[in-house]
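Chains, contacts and geometry: an overview
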Amino acid sequence: MAVSSQQDHAYSKQVSLTDHYGGLEASNMLEKEAMLSKGPDDELSPSRIKRGRKRSKFLSIRYIAPILTISIQTVLLSFLWIFFGVTSRSPVALPDPIARAVKVNPQPVLMVVSLFATTISIVSSFLFTRSVRFSLNRFLSGPMPISFLNLGAAVKLSRKKPVVSLRSFAWTFSSIVLVISTASQTASWTTLLTPKTIPVTAPIQGFELDISSDAFGRLMVANRDVVTPESFANSLPLVTQSGATAASTRFSQPSILNFNQLSYINSTSGTLPATWMPWVSTSTSATGVSIPASIFFGAFTPKISTLDREPFPVSFSLTQQGFTSRVECRSVPLSGTSRPSIFLSSATETVGEDVPGAAPQNITVSTMTAGCTGDGYASLNYDGSNAGGTSGFVRGKPVFTNSARDAVFGTNCAVIEGDGRPHWDLILVGTGRYSFMGSTICSLWPLTTSVDVEYQDASAFFNSSFPSFINSTRVWNETSAPWLGQFAADIFLQGVVGQGQSTAGSSLGDVIRGFVGGPDGSQVNTDLVPRVLEAYVRGVLEFSITLLRTAYSSSNNKLYPGAASEIPENLRRPLNGTYVTETIGWWQQTSRGAGAATLVAPSIVGLSSIFMIIVSMWWTSRSSWKTAGGRGSTVTEAEDRAHTFFDPDNLLHVITASRAGGLTNVDPLDYDEKPDEWEKTVAIRLGAAPYGVGFVTQ
């Protein structure tokens, strides 16, 4: 019976434990926890011996969390703000080889940057969660219990989940902000660190030939027998193309003139290309002549190491001196008795009669002579000054035509206006299938201009590292330049009337018909002829001065006084402009705070982490807090060990703390019960419990 009584007593004790803690296993675990709560001099249980040696306290959350969080987050925030500040103040360009590699490999670069940004974000988020858990550990280890609401909210936040509670706006708002910030860090770091395209600029300075001075007018007279239309025989076929290009512009059609490896949009505007390297022109020689560099660079911003910018686009803009002509065309019936008068003469010769088996062919040579008589017609010197008297009869260049005389004839007469200013009347007459043109007089007033010229990159279309698209965007400051009038008119007559005419027809006449003819070619709007001619003639005259500049700017031209080839100081005109290219590097868009937005998420996470560490350490280190609730500031060694190692996010730690027996007086929450009120009424802390150190309510 005694034995039975003892067995019943042991059984009842076992049942009692089973009722409170869920069975025999709970009883065993309580015994283990009681063993774990012993001091270092107490006998260790076999189960604890099996688990091995204790961890060092320096690896606990109490030590490792503040050290890592404050140091690493400080480094990350310092790098973040310094990097942003430096790249906001001025762009930071990558070395050219690296910049080129980034330019041609954007996707791998973005992947590398994204991986780096993700790594930083993971580290920062990890430290943020550790700071929340550290702070919760400090407050749970104190004398004042924490409500289940705050405990659950903090644990949720440590897992980067938002706290949605209508009864606690502070937790809801702050958790949403912090969760969004942690999730946005990768995007912020990627945006900040991804290399971007950086515009690179440099001032351009140089000089070019000044054709607006009287000194150049005298030079033109001195070289009138050297610089002639025949000097540009290689380029004269392009004269008709320059006119057609300008006429296309008149009707808003795409028009490009290709000349000397460059492409002029609409017209040359009388300019000579400005370059920073010597280039070769074939204007006056089939083998080409060298044109020296005429512009030089200032300091690049930001600095780049070379002018070889491939694969980056390159462009620059300059204000240059150009040339144009005011052209006014009008249809005037002309004959042998009109003023001015015209006379057409032809001679036909049969060729090929002595070739066996070949049909003979008639070739007609025709010419037009103009009688420059009437009010204002006068004789001019080559520089446009009045030579006194009248010019009389002026014979045009003879041209080859067919028997139907399908041709456009031309010549010019000089005119002195009432105020003494000169101009030239270009007389054009169409015959044969070009009879629709009738007879037209185009009055020419040569003008030097100032031109804003943009040199644009064409690397997307051509294998060229030099900006080869030239566009004259604005023309102003027109000044009369009569010494250029006769040369420009001679180029027109030589290129358009002379070389532009053959037995097949006239290139000028074909261009005019193309613009004024109907869809079927049978109807011709003759009213448009003067307007098309104005654009055509203007384009040819502008191109003629580009040819002139080429001759005077080439190496070894020997056209200047003393047979010099370099442009003298008194004939130089300064050039100023801006060179623009790109590179790859870092810069921040500071307007409207766009760039600063990348700082928000990493800064919130980093500062919040440091703030929670510092504030929780300061708050829980105060003597008034340690003795709050009438408790002493001393703790047992078991409590100190639990305070040091307890991690509120570790499920095993939470289970161990919950089963220590300090929550027996807490009514459990039913599964279908709303937890809002219950969470606010129940508060716990980490302290001595019946079965070790765990959660207690007091």
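All residue numbers refer to position in the chain's written sequence, counted from 1. Whole-chain, interface and lining totals are the exception, using all residues; otherwise, since this is a predicted model, local features are given only for residues with pLDDT of at least 70 and side-chain atom pairs are given and counted only at 80 or more. The basis for every side-chain value is the complete set of non-hydrogen atoms in the structure, without hydrogens or water.

Within the secondary structure, D649 sits in the loop between α16 (637–645) and α17 (651–658). Burial status follows relative accessibility: with a 1.4 Å probe on protein chains alone, a residue under 20% of its type maximum counts as buried, one over 50% as exposed, and anything between as partly exposed. Judged by relative accessible area, D649 falls into the buried class, the value being 18%. Considering only alpha carbons, one finds D649 and V155, 494 residues apart in sequence, at a separation of 6.2 Å. Only 2.7 Å separates the side chain of D649 from the side chain of R159, close enough to count as a polar contact. By the criteria applied, helices consist of DSSP H or I runs no shorter than four residues and strands consist of E runs no shorter than two, each listed in order from the N terminus. Two N or O atoms form a polar contact when they lie within 3.5 Å of each other; inside protein one atom must be a possible hydrogen donor and the other a possible acceptor, and for residues adjacent in sequence the pair counts only when both atoms belong to side chains.

Another aspect to go through is the packing of aromatic side chains. A pair of aromatic rings is counted whenever rings of Phe, Tyr or Trp (Trp by its six-membered ring) have centres within 6.5 Å, and the orientation is called stacked for planes under 30 degrees apart, edge-to-face for over 60 and tilted otherwise. Enumeration according to the criterion identifies 17 aromatic pairs in this entry. Geometrically, the ring pair formed by F232 and F487 is edge-to-face, given 6.1 Å between the ring centres and 75° between the ring planes. Separated by 255 residues along the polypeptide, F232 in the loop between α9 (214–222) and α10 (237–250) and F487 in helix α11 (residues 485–498) bring together distant segments of the chain. A relative accessible area of 0% places F232 in the buried class. Relative accessible area serves as the criterion here: at 1%, F487 is assigned to the buried category. For the pair W276 and F297, a centre-to-centre distance of 5.1 Å together with 55° between the ring planes defines the contact as tilted. One end of the pair, W276, is in the loop between β5 (262–265) and β6 (279–281); the other, F297, is in strand β8 (residues 295–297), and 21 residues separate them in sequence. Cluster of aromatic residues (ring-pair linked, three or more members): W276, F297, F316, Y455 and Y579.

We now examine a nonpolar patch on the surface. Excluding any residue in a salt bridge, patches collect residues exceeding 30% relative accessible area, merging like charges within 9 Å and nonpolar Val, Leu, Ile, Met, Phe, Trp and Tyr side chains within 5 Å. Calculation of accessible area relied on Shrake-Rupley with a 1.4 Å probe; when residues are assessed, cover is drawn exclusively from the protein chains displayed. By definition, a salt bridge exists where a carboxyl oxygen of Asp or Glu is found within 4 Å of a side-chain nitrogen of Lys or Arg. A cluster of nonpolar side chains, F611, V615, W618 and W619, forms an exposed patch at the surface whose accessible area comes to about 430 Å². With respect to the secondary-structure elements, W618 resides in helix α14 (residues 597–621).

An α-helical turn contains 3.6 residues, so any two residues separated by three or four positions project in the same direction. The span one expects for a helix is its residue count, reduced by one, times 1.5 Å. Relative to the 36 Å expected for 25 residues at 1.5 Å per residue, helix α13 (residues 529–553) spans 36 Å between its end C-alpha atoms, a close match to the ideal helical length. With 23 of its 25 residues buried, α13 lies for the most part within the structure.

Counting across every chain of the model gives 15 salt bridges. We note a salt bridge from R326 to E328, for which the minimum N-O separation is 2.7 Å. E328 gets classed as partly exposed once you look at its relative accessible area, which sits at 38%. One salt bridge connects R433 with D510, and the closest N-O pair in it is separated by 4.0 Å.

Core analysis: the biggest nonpolar cluster contains 95 residues, and F216, L484, F492 and Y552 have the highest contact counts within it. Here the element with the most residues in this core is α13; it accounts for 13 residues. In this description, contact between two residues means that some pair of their heavy atoms is separated by no more than 4.5 Å. Residues contacting Y552, with those up to four places away along its chain left out, are L209, F216, L219, M220, N223, V227, N557, L559, Y560 and I567. Residues grouped as a nonpolar core are buried Ala, Val, Leu, Ile, Met, Phe, Trp, Tyr and Cys residues, joined through side-chain atoms within 4.5 Å. Residues F128, L157, L178 and A642 belong to the second largest nonpolar core, which totals 23 residues.

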